[in-house]
Each structure stands twice: as C-alpha cells, then as structure tokens.
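As a plain string of letters, each chain reads:
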Amino acid sequence: MIIEKTSPEVGGMGHSIKRKEDSRFIQGKGNYVDDVRLPGMVYGYMVRSPYAHARLKSVNTEKARQLPGVLAIITGEDLAKAGLAWMPTLFFDKQMVLATGKVLFQSQEVAFVVAEDQYTAADAAELVEVEYEELPVLVDPHRATAPDAPILRDDRDEKSNHIFHWEVGDKSATEKAFQSAPVKASIHAISQRCHPAPLETCGCVADFNKATDKLTVYLTSQAPHAHRTLFALVGGIPEQNIRVVSPDIGGGFGNKVPIYPGYVCAVVASLTLGVPVKWIETRSENLQSTGFARDYHMTAEIAADQSGKVKALRVKTLADHGAFNAAAQPTKFPAGLFSVCTGSYDFPNAFVEVDGVYTNKAPGGIAYRCSFRITEAVYLIERAMDVLASQLKVDSAELRRRNFIQPKQFPYKTPLGWTYDSGNYEGALDKALEMVGYSQLRKEQEEKRKKGELMGIGISSFTEAVGAGPAHTFDIAGIKMFDSAEIRIHPTGKAICRMGTKSQGQGHETTYAQIVAQELGIPASDVVVEEGDTDTAPYGLGTYASRSTPTSGAATAIAARKIRDKAKKIAAHLLECSEADLDWETGKFFVKGAPSKAKTIQEIAFAAYTNIPAGLEAGLEAVDYYDPPNLTFPFGTYVCVVDIDKGTGEVKVRRFVAVDDCGNVINPMIVEGQIHGGLTEGFAIAFMQLIDYDENGNVQGGSFMDYLIPTAVETPHWETGSTCTPSPHHPFGAKGVGESPNVGSPAAFVNAVVDALSHLGVKHIDMPITPWKVWNALKEKGVVS
Amino acid sequence: MAIRIEKTFQVQQPAGVVWIFLSDPRKVVTCVPGARITEQVDENNYKGSISVKVGPSVTDYNGEVRIVRSDPKNYEIEILGKGLDVRGRGSASMKMSGKLRALDEGRTEVTSVSELTVVGVLAQMGARVITEVSSVMFGEFTKNLEKRLAARADSPGSATDEAPKALNAGSLAWEAAKGIFRRES
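Nothing here was measured: the structure is a model prediction, and the numbers come from that model.

Asks: Can you break down the overall build of chain B residue by residue, with the values?
Replies: Of the regular secondary structure elements, chain B holds four helices and seven strands. Ordered by position in the sequence, the α and β elements of chain B form the string β-α-α-β-β-β-β-β-β-α-α. Among the 185 residues that make up chain B, the fraction classed as buried is 36%. Partitioning the contacts of chain B with sequence separation of at least 6, the portion at a separation of at least 24 is 58%.

And the structure:
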C-alpha cells in the first residue's frame, strides 16, 4: 500500500509538519485540569493510610471540622450509606473509594476533606484522627498463597489471596516438545513494579449544577466517554446529564485510564455542596496510590534443537496486582496481551500460565505505554532468546535470524492464538546491525575483553500488538473497543474533526488533520481537531495501547472517504457530467481526459451549502465508527552498546540504534519524537525505576527522591531508523507506534549489560540495573574486591 | 522499615554510676532529643512521647516504654519502646539491648544494639534517611549522656532531671544529609 505524497502546502501523510498544539504548549498556554478555575470552586484533599494493612478502628473528624474554612469531610462510612464506599475496577473486582473496615495498602484513601482553599483542606486533613490496629502485612507475592499468609480481602467470598489462573496454548504438545528437545534454556526475570509518572498528576474538577441537574467533570482522562458511562452506571446519574471534559493532558501512559477514588469523592462532594470541587493529586499521591505497571515475576523456558531452532516456549508468571485487581485491560484477557510472548519467532508450540495475587500494595496494573502487558512479554522472550544464544554459543543476532517468522508466512498465526498482520523482521534487524556497525563492534568487544574491559552489545527484535479492537475480541468493561471520527466541512472548505480518542501529548491535533489532508486535499492547517468533550465528540474508547492511529485514524480516513463520495455527487452536478466521468486527484475532482474541467474540494464544500443538487442532503460531513478487523503488529530491532566501569559498576550507554517499522507513517517527526520519548522511559525502567516496598509495606519509591526520572544528563543519544511494512488491513497501512520503544527497549539495555558480563559467568541481572547491582555482580565473580 | 544500629562508646564514669543512670528510663530520656516520660505506670512500665522532625515532616509519637529485662549484676538491660504517631500517620518501635563493661581508670564502655521499626509516612523517606537520622540522634544521645554523667559527678545535687531540650531539627536534617553525602561520595 503506497501512499501518494501530497504537496507540503497540503501537508498530508509523510510530511513532518510542526505540531499545531505546540504553539500553545511552548508558550505555557495549555489548558490543563489544574488551570480550570470556576466561580465558587472549593478544594478537596485526601486523608491516606500510613499503614499497609490495618483495621480501621475509628475516624474522628471533629477537630478537622472546626477548622475555619472547612466545608465537608467525607468518610468511608458516609459513602457506605449511599452505597458508594466501593466502586468496580476495570477488571471484575471492586475497590474501596474510602476505606471501611480496614486499609489494604499504604496511602490508601481514608477520608476526603473539602475546604475553601487547598491549604485549609491540607491542614484539616492533618487534623482528621484515625485510629488503626496494625495487621500482618503481605508484601511478597510469592508468599500470597502460603498457608500462613494473612488473607487480605475479607470482603470476598473466596478466602484466598489468589485472584485468577489463566492459561493459553497447547500444554501437552508443548510438554512433548520439551521432552524430546536436545536443548533447553530458561530464565527467571522480573518485570519490576514501576509507575508511568506522567508530568501532570491526576485530578479533576467536579461541577454539579443544581439548577440544571447537570454534572460536568473536568478530568485527566485518557478515555472520557468510557468514564462518562462508568459514572452513569456506578453513580446512577442519567448519562445525558454527565459531561466529561478532558482538557490538555500532560502525559498519561496508561496512568489516566482507571477511575480513581479522588474523582468519585470530588463528584460526591460537588453533588453534596452544589459547588465545583477541585481535587489535584500531589506527586507522591500519584506515585503511591494510582495505577502502577508491571510487577510480573516470570519464568520462560525454550526448547530448541542443537542449531538453535526453537521448538517450544513454556512460560509461568506470577502477577502482583496489589490490594485490588484494578488492571486496565480488555475483559477477556486477565493478563492482557501477554500471550504475544512468542514474539518475532516461529515457535511451533507454546504454553503460558499466569496467576494473579493480592498483596498489601497499591492497586493496578495498568498498561504503561504498552498494549496491555506486552512490555513484560517482549522483555521475557527477548531475554530468553539471549540466554539460548549464550548457552549454544551462537551470536545473538544470528540466533534471532534463524528463528524469525519469514515475510512470506504472513498473515502468521501464532501458537497462542494471535494473527500477525505483516512483518519483515530480518529487514529491521539487518538495518539496525548495519547502522550500528555490528561486526566491527563484536571485534572491538573481543579486543576489550582481552584487556579486561567490559563492553556489551544487546539486541531486541520485538513485535508489538496494538490498536485494539476488533470489537468481537476486545472490550473494556463490556464496551466494545471500536473508535470514531466525525468530520464536518465548513462552507469555506475548512474542516473540524472530532474524535473518540484523546491526546495526552501524542500530537493528535496535527496527525488527524494530516489524514484529512491526505484523503480530501484540504490543507492540514485548515483542519481543526477537537477531542475530549463528551458533549461534542463522537463516542470512543480513548487513547492508550497505541490504538489511536489504528482505530480513530482509520475512522478519520473512512469518514473522509464518505465525504469524498458525496463530494463526487456534488462535483458531477457542478460540472454537469455523470459521476462515472470523474477522477480524483488530491483536492479536486476533474473530468476524465479534461483536467481543466475540475472542481476543488473547497468549491464543492461551498456548493454543499449553496448549490445543492436536487435530491441530495445539504451539508458535507460524515462520521465513522471503525471496528478494526485485527490488531496491527508493529515491530523493530533495537541495538544497544554499553561500556561498564568496573570500579563503580556504572553502565554507560554508548550507542543506541532503534529501527522501527510501523507501516505507513503520518508524520515522521512525531513518530521520531514518540520513539525518543519511549526509549527514554525504557532506559529509566531498565536502569533507574522501581516502586519498592519494605517488609512492613512502606513505599520506598513514593517520591521523585527515590523514583528517578531521567533528565537530559542521563539520557543517551538515540539513533533512529525505519523500515516500512504497511498493515494490509488498515485503511492507509499504518500501525501504532508510540509504545514500541518502551516495549522493545528494556530487553536491549539488559541484554547489553548481561552481554558485557557474560564471559564472567553472569547470566542475568534484574531491572533496574543500578551501579550497585552491577558492582555486586562483579564482586561476586571476583572482578573487584 | 527495620534498622539495626550497633553503637559502642565510652564514658568517663564508673560502671555502677552509669548503670544507675541507664537503667532508669526517666533519666535516660533526658538525653534523648525530643523525648519525655509522661507517666510511670509501674516499676517497669512508662508512658512517654518523642518528637522527630525530618526536614518539613514532624512526627510526634505517643507510646510506652517497658523494661523487658534488667540484670544489674551483669549490667545488662533490654528495653522495648512502642509509639503511635499522634496524628495517625504511622508507628515506630524500638528494641534496645544495652550492656556495660567496666574499664580501668573508672571508665565504662557502653554497648548497645537497637532494632528500630518505622511504619508510615516517615518510613517512606527510606532507609538511607532513617538510618542517618537515627545515627545523628544516637550521636546526640551519647553526647548528652556524657554531659549528664559528667554534671552528676561534678555536683550530684544538681542532677535533677531537667526538661528535655527540643531537638534541633534543622541541624538534624542537615547532619543526615551530610551523612548520606559522605557515604556515597
């Protein structure tokens, strides 16, 4: 599928036009939720539990109520009277809005204070006296089902900390393949608990108008429509009376998909007081209580023959979900899309098991810049392939090459039930190896090893699965995962586009406009894109899992084509010919063989309101709800080169080459920006980030003092490249891309570090790979004393 | 958050004098920055409070001190302290074992092993801060103890228990920060 490039003035697909939204962002004139200031607005503040597990003996709000300026204090008991003490999570569980009975994680929400200003609210929160009785704490997920483990959820009928067992694949065929395989390689790897830590924390302004009965919620929401429906279903407010507005969002990365107790409390407070209530999280509240990611404790085994050709994959995973299973993922997939863990390789057999458990930690796990647990899956298979290569003493690039799914095998059905749309894995690998100068680097490594210097090269040849639906397989809380676009062409030929998705920094205002430009020839600069207001935008499931381009992007193209079909009728009327006599070229219809007899899209738009053919409706607009026939499967190869300082254990990333294939590209500059951002986050996960808990359940990564964010100083230089293998089923051959770098890169970093140390006998180091861990590994191997 | 602190130091007083002081929580508390005994329940049980300020975070603990074991013959003592943050933001407990050894020239070596468990907001500061803060507090304690014992020797009459001095919180945070820096540099 080749996309014909428009002129730069039109700015269709493939043009690196500057991001429209940036003009307000770089001037500091974005409109984020904390910028929303309404007349009479008051402020909420959350009282949180200091304990990871404790019985709640009493909540005394007397002193706090007496503080001047305090308007209301809501406790769990208050909510219980209204049946709102618990709310459903996105994954068949329920979660306490405000604690009743007991608390299950440190920083859990206990009471909500409302005051005239945020300082009074915070002061009053300090005056709320809560009496706890400490209970035994469960931190280690491996102990969750031990006989002596405390049962955390006494609200459940099932008196166990086990949440679910999920398995997929052919168990007996996999066992058989393992029995007869001459080579077996295995790895135990932890994809550690981390947090998306968006620049802007979560928050809302709930505004209930008693005169109109309308509730408007300004919300940091990646899925405003889904949230409106959930507010209606859970809160019993008629859906036509709820308007959710997602203003500008400062990063989401999955963190802004769930509904959090703070939102519910702000809504309840506004309903009670009849004034707008603002609640904005602090940084520590965000890190300690909102959706974490990962926390998968995984074992992978590969069966192979002597040449390294893989025969089977067996995976066993323990998933730590914290106190409530608040995973945000499609309902048929308790472990998300983790079963894409056969990756880019032609495994004849595979079997995967995942068990989820409760612990005294914050609830989650959300899809942090990945399509539902794919980062975990890719990390595991890419580490396991390196272990196999090392065991067989085969070069890790060569081992991958021997096992890649070949281009002619697409559409390729994996043993775990996925159908990959298209791919050319060797093409991306070759390009990356060439860019990095692989063979030269291997020679250098050999020489350095002779001198006792530590250098490593890590490869990750990942496959992502993004763009959920299709609706028959994917839904969130029952709502099918289609998405939408509505395009209206104004009489003067300009357009407005409204979407079911919601940008959090992805550049939608630019990229959707470019799709319209490509399809209709209306310059991208003439197209306004609007998202996030449920009163105006068509229904959609929102932006996460790299789904905007695969779903709403497709809907935009289809809606534009519907408009073009109508435009053709109008053009035929204006040119006094039949539709069959017309041909389209970017921006105009012309009479076949007589290019001068043409009508531009702008002329046609004007006619749609001023000179309508008989029997045709006025106006020029269309809406499309797009249900994709399949996911899209972007891929790529990343190569990382590291040098390690033996004295300090510090890892320096010398080179990082990222070759991505996301099919046809809408805006290369935006794609490159996405790759840079995702690689930087992947780098942070590999080397810096962990939400840790001590044995009493105290959060040890609850502020930016302990949860580290890479700055320009730490961030390596990224070298990007691309190949192009369009998706055969997407209207313009695109695949999602925003998450690929976060999904693909952690394994490349870790593989590089382990490669640097492999000749010393180091087989694996769990993330985050801190200098301390590396230094200890060196010490253990006698390299340093 | 569990931290184990082992300290050995010497004081210029004979073991017998030191023991009389160290085996009496009412006296010991006068050396602990920010701490006070509010009530003696019985021979071995006391009620008290301690205020700990780390940077902007002040934590006031109310709790109990219990002498679990006291062996005057061997100069050994085991004390258990438990406290709840008065604003419900966490708890702390400490098990301390102390032992005296008589040295020549009337000096005494004091050895103590303390196991401190902190739960709640303070514990989120992480082991590196809590350990440093504890270490600084212990340093202050030792200094105060020496001063008190010396004062006692000079003029026994004036050794009534004066009110505990408020902890110099600013310097505490600063000392802790310096401690971290020293260790990592």
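Asks: How would you sum up the sheet that holds strand E6 (residues 102-103) of chain A? Please name residues and give values.
Replies: Ordered in space as E6-E2-E8 (chain A), the three strands form an open sheet in which the pairing is antiparallel. Each having just a single partner strand, E6 and strand E8 (129-134) of chain A make up the two edges of the open sheet.

Asks: Residues and numbers for the environment of A:Ser284, please.
Replies: Within the element layout of this structure, A:Ser284 appears in helix H8 (residues 283-289). Beyond its immediate chain neighbours, meaning those up to four positions away, A:Ser284 contacts A:Gly702 and A:Ser703.

Asks: An account of the environment of A:Lys451 is requested, with residue identities and associated values reported.
Replies: Residue and element names in this part refer to chain A. Among the secondary structure elements, Lys451 is positioned in the loop between helix H12 (438-450) and strand E22 (454-463). We classify Lys451 as exposed; it has 6 C-beta atoms within 10 Å. Through-space distance from the C-alpha of Lys451 to that of Ile644 is 13 Å; in sequence the pair is 193 residues apart.

Asks: How would you sum up unusual backbone geometry? Please name residues and give values.
Replies: Residues and elements named next belong to chain A. Residues Gly364 and Gly365 are joined by a peptide bond in cis, for which omega reads -10°. Relative to the helices and strands, Gly365 is located in strand E19 (residues 364-366). Look at the link from Ala468 to Gly469: it is a cis peptide, with omega at 15°. Checked against the element boundaries, Gly469 lands in the loop between E22 and strand E23 (475-476). In the Ramachandran plot, Ala477 falls in the positive-phi region, its phi being about 50° despite a non-glycine side chain. Along the polypeptide, Ala477 turns up in the loop between E23 and strand E24 (479-480).

Rules behind the numbers
- Residues numbered from 1 in each chain as written.
- Chains lettered and ligands numbered in written order.
- Predicted model: local features only at pLDDT ≥ 70, side-chain atom pairs only at ≥ 80, totals over all residues.
- Helix = DSSP H or I, 4+ residues; strand = E, 2+ residues; numbered from the N terminus.
- Buried ≥ 20, exposed ≤ 12 C-beta atoms within 10 Å, placed from the backbone.
- Contact = placed C-beta atoms within 7 Å.
- Pairing = 2+ DSSP bridges.

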